[in-house]
Every structure is written in structure tokens, then in C-alpha cells.
Number of protein chains: 2
Amino acid sequence: MQVDFWFEFGSTYSYPAAMRVENEARKRGLALRWRPFLLGPIFKSQGWTDSPFNIYPVKGRYMWRDLERICEERGIPLKHPSRFPRNGLLPARLVARFEDEPWIAAFVRGIYRANFAEDREISDPSVVASVLDSVGQGASLLAEADSEQAKSKLRARTEEAIALGIFGAPSLVTGGELFWGNDRLESALDWAVRSPG
Amino acid sequence: MQVDFWFEFGSTYSYPAAMRVENEARKRGLALRWRPFLLGPIFKSQGWTDSPFNIYPVKGRYMWRDLERICEERGIPLKHPSRFPRNGLLPARLVARFEDEPWIAAFVRGIYRANFAEDREISDPSVVASVLDSVGQGASLLAEADSEQAKSKLRARTEEAIALGIFGAPSLVTGGELFWGNDRLESALDWAVRSPG
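Residues numbered from 1 in each chain as written. Chains lettered and ligands numbered in written order. Predicted model: local features only at pLDDT ≥ 70, side-chain atom pairs only at ≥ 80, totals over all residues. Heavy atoms only, no water.

J.: Please clarify how the overall build of chain A should be interpreted in this entry.
T.: On a plain count of helices and strands, chain A comes out with nine helices and four strands. Each helix and strand of chain A, placed in order from N terminus to C terminus, yields the pattern β-α-β-α-α-α-α-α-α-α-β-β-α. What you see for chain A is a C-alpha radius of gyration of 16 Å, in line with the 16 Å of a compact globule of 197 residues. Taken along its principal axes, the extent of the C-alpha atoms in chain A is 45 × 40 × 35 Å. A burial count over chain A gives 55% of its 197 residues as buried. Sequence separation of at least 24 residues holds for 73% of the intrachain contacts in chain A that already meet a minimum separation of 6. For chain A, the computed accessible surface area is about 8500 Å², with 49% contributed by carbon and sulfur atoms. Averaging the coordinates of the 26 positive side-chain charges in chain A and doing the same for the 26 negative ones gives two points 2 Å apart. (Helix = DSSP H or I, 4+ residues; strand = E, 2+ residues; numbered from the N terminus. Rg over C-alpha atoms; globule rule 2.2 N^0.38 Å. Buried < 20%, exposed > 50% of the residue type's maximum accessible area, 1.4 Å probe, protein only. Contact = heavy atoms within 4.5 Å. Areas by Shrake-Rupley, 256 points an atom, 1.4 Å probe, with all protein chains shown as cover. Lys, Arg positive; Asp, Glu negative; His and termini not counted. Charge placed at Lys NZ, Arg CZ, Asp CG, Glu CD.)

See the structure below:
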């Protein structure tokens, strides 16, 4: 069975999920597909021009504390980013362009680590280049983010996310079922294991 | 250790949490306090005059499917209410008035069952009276919902919820930590067990 992991690099709860999902899928013998998309257009259609965690500060304060507890419990390093949300367009276009490459999982985790464990600016090409380097890829790949192929692929993925009923990140889709949130990761994967096909 | 369970009778995710929390607290040797409050004033302060699940239909559709899966997995009966959200003011005032009575836990579950398993109108005094009857209490208690004591107590609880940083239901508070959602119920109770006191 196959599971699609839909994520956005600016999303806080996508961070622990992205760090865990490959390992959890492998343990269950599931095939995992990385599906980048942008939350910006989805939030805009709901009338939000910023993260709801900024628009509703009470909810935002809760989220950061909740994320601290989650990361501590799971041994995932967390450093409150000095800027939130960060613009993940550049690395998201790279993921859209190289979705099926064997190094993409490590690249995704590297970008999340830069944002949420190292407080680095993931819209900065030099930061993205250093993550590419850490997964054995050259900085020359950066230029691919500006290709029409990468741009149209990421737009298409975002349209696909909307068509699937996705409204937040992370989301997991398997067997026609949608699961939203890091706290549904295990439920989604277990659903895939039980699913008839 | 003590855990406070903050709930609103109109809230969907409060339903499975309310059905489970007493048993889960007892298993861990924790003291549980029932804390009713109203989401209406909190939502209004965020600019919402309806449930966010109605304001954002894509999120609403997801929530109902998610709730189905949660209830099915836990063996909790669910019947999609023909009206959502229902006004839980009457039973919430009764809970505020009789918070520490030994029958209050069964009364809370009975009201939730009426709303989410039997599709009954929990703002209807005859429905509330039948739930009172099912927990061995007379319909004469209904009049207490109109008492100044009940009204001011529920108002005070809602103010207290806001002061605690509560923005949704269910919420659990223990040892100065806030946990939001049915999916944080076990985390909250486990935190209470580990907490120094």
C-alpha cells in the first residue's frame, strides 16, 4: 500500500511528522510518496494572509508549547525559529522537481532541520545549497527551482491538494482517506496497512 | 495529581473525550474535575459567529469523517447530528451548578450521547430532564439552570478558561500545562502521572 505525505516547509507540525514518516512507513512495509504543496494559496482562500498561529496569538502560544512537548517526547531537536512562518517556496520547488530522487527524503528533513532546529533562513539559496550539499547534491541544482517544470509542478501539486480536500499540513492520504496532522501520522499508516488495496 | 477536563456540549471532539476521560483518569489514579465552559464568547472574540467547522466547510467535512474514524476505532456510537452546533447552555449551567455531585460524570456523558449518538436536541428541557432521570435525578433540578448561582458560575468558568489560554474544546489542564483536543487526552493524563505535584 501507498501513502502520500503532503507537507509545507513553513508548517510547524509538519516538522516532527517529516522527521518520522519515512521510518514509520518502512516499519509497516508501506511505500511513501513525498508531496510538497503551498499553504499560502489555501489560507488566502479562507481569508488569511498570515499563519493562523499568528492571526490567533492564543492558539499560536499553545502551538509552540505543544510542539516543544512533542519534540521533547520524541527526541527531535527544536529551536524556536526567529521568523515564522518562513517562506518555503524555493526548497518546495526543488522537491516538486526531484520528488522521486532517492535523496529527496534526506533533503526534506534537512530543510526542516534548518528551519526548526537551526533557525536558518530556508528561503536563502545559500542555506538550501548547504542542505543539498549535505545530501550529496551540488549547488548547481538550485537553478532548477526557477525552471518552468519545477514551478508548474508545484502549482499542480497545490491544486491537487485542494482537490483532495487538504486544508492544512501535514496531511496524509491513503486509500481515499485524508488524515491531518502529526498526531494522525500513525492512524494514517495503520489505516494503509489494514486497507484492502 | 489532579486533571481538569474543560468541555463544551456543542463540541464534536469533546464527545469521544468526555466518554473516555473518567475511565482513563481512574486507570492512572488521577483525580478528575469536570469544567464546563462556553465556546461561543471565545469564538466571538476571534470574529467567528458560528463553529469554525461551519465557517470553513472543507475543514468541517474532514472533521466529520475524522470523528467517524475515531468513534469507530474506540467503539463509541456516533450519529451525525441533524443540527450542528447544538446550543448546550442549559445542560452546561446544570453542570456548573452541580459540578462536584457524584452523578455529574454520568450526566455529562448522557448529554453528549443525546447530542452525538441519538441526535436529540440538548437545548430542549424535556431531553435534559430525561438525561437527569437516567442518572437518578428528578426533573425538578432543571429549574436550577435558571438560578443566578448557575449562571454566574458558568460565566466565571468561561472567564477562567480564557485566562488559562483555552481556545477550543476539549482542553485538559494539569500542573500548569494546557492540552487541547481528544487526541491529547492520553498525553495530558500521562503528563499528570509524571508531574512532580
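J.: Which parts of the structure should I look at to understand the nonpolar core?
T.: Side chains of nonpolar character tend, in soluble globular proteins, to be buried together. By size, the foremost hydrophobic cluster in this structure holds 133 residues, and its most contacted members are Phe107 of chain A together with Phe107 of chain B. Once residues lying within four places of it in the same chain are set aside, the contact partners of phenylalanine 107 of chain B are Pro91, Leu94, Val95, Val128, Val131, Leu132 and Val135 of chain B. (Core = buried A, V, L, I, M, F, W, Y, C linked by side-chain atoms within 4.5 Å.)

J.: Would you take a moment to explain the relation of the copies chain A and chain B for this structure?
T.: One chain copy maps onto the other through a rotation about an axis and a shift parallel to that axis. When chain A is brought onto chain B, the operation consists of a screw motion whose angular component is 180° and whose axial shift is 0.0 Å, with 0.0 Å RMSD remaining. The transformation relating the two chain copies, once decomposed into turn and shift, fits a two-fold axis. Identified as the residue of chain A closest to the rotation axis by C-alpha distance is aspartate 183 of chain A, at 3.6 Å. Most of the interface of chain A is mirrored in chain B, where 100% of its interface residues are also at the interface. (Least-squares fit on C-alpha atoms with pLDDT ≥ 70 in both.)

J.: Which parts of the structure should I look at to understand the packing of aromatic side chains?
T.: Geometry of an aromatic ring pair is reported as the spacing of the ring centres plus the angle between the planes. Residue and element names in this part refer to chain B. Tallied over the full model, the rule gives 42 aromatic pairs over all chains. Residues phenylalanine 7 and phenylalanine 9 carry aromatic rings whose centres are separated by 5.4 Å and whose planes lie at 75° to one another, so their mutual orientation is edge-to-face. Each ring, one from phenylalanine 9 and one from tyrosine 112, has its centre 5.0 Å from the other, and the planes form 50°; the classification is tilted. Taken as a pair, phenylalanine 9 in the loop between strand 1 (2-7) and helix 1 (14-27) and tyrosine 112 in helix 6 (residues 104-116) lie far apart in primary sequence, 103 residues in all. Phenylalanine 9 sits in the buried class, given a relative accessible area of 2%. Judged by its relative accessible area of 0%, tyrosine 112 is buried. (Phe/Tyr/Trp six-rings, centres within 6.5 Å; stacked < 30°, edge-to-face > 60°.)

J.: Explanation requested: the environment of arginine 20 of chain B in the structure shown.
T.: Residues and elements named next belong to chain B. Looking at the secondary structure, you find arginine 20 in helix 1. Look at arginine 20 and you get buried, because its relative accessible area is 8%. Residues arginine 20 and arginine 109, spaced 89 residues apart in sequence, show a C-alpha to C-alpha distance of 9.3 Å. Among residues more than four places away in sequence, those in contact with arginine 20 are Arg74, Ile76, Asn182, Leu185 and Glu186. For arginine 20, the side chain forms a polar contact with the side chain of glutamate 186, separated by 2.6 Å. (Polar contact = N/O pair within 3.5 Å; in protein donor to acceptor, adjacent residues only side chain to side chain.)

J.: Can you walk me through unusual backbone geometry in this structure?
T.: Glycine aside, negative phi is the norm for most residues, and most peptide bonds take the trans geometry. The omega angle of the peptide bond from phenylalanine 84 of chain B to proline 85 of chain B is -10°, so this bond is cis rather than trans. Tracing the backbone shows proline 85 of chain B in the loop between helix 4 (57-74) and helix 5 (89-97). In this model, alanine 169 of chain B is joined to proline 170 of chain B through a cis peptide bond whose omega is 0°. Here proline 170 of chain B is to be found in the loop between helix 8 (148-163) and strand 3 (171-174). Phi is positive for aspartate 119 of chain A, which is not a glycine, with a value near 50°. Relative to the assigned elements, aspartate 119 of chain A resides in the loop between helix 6 (104-116) and helix 7 (125-134). Overall, the relative accessible area of 21% leaves aspartate 119 of chain A in the partly exposed class.

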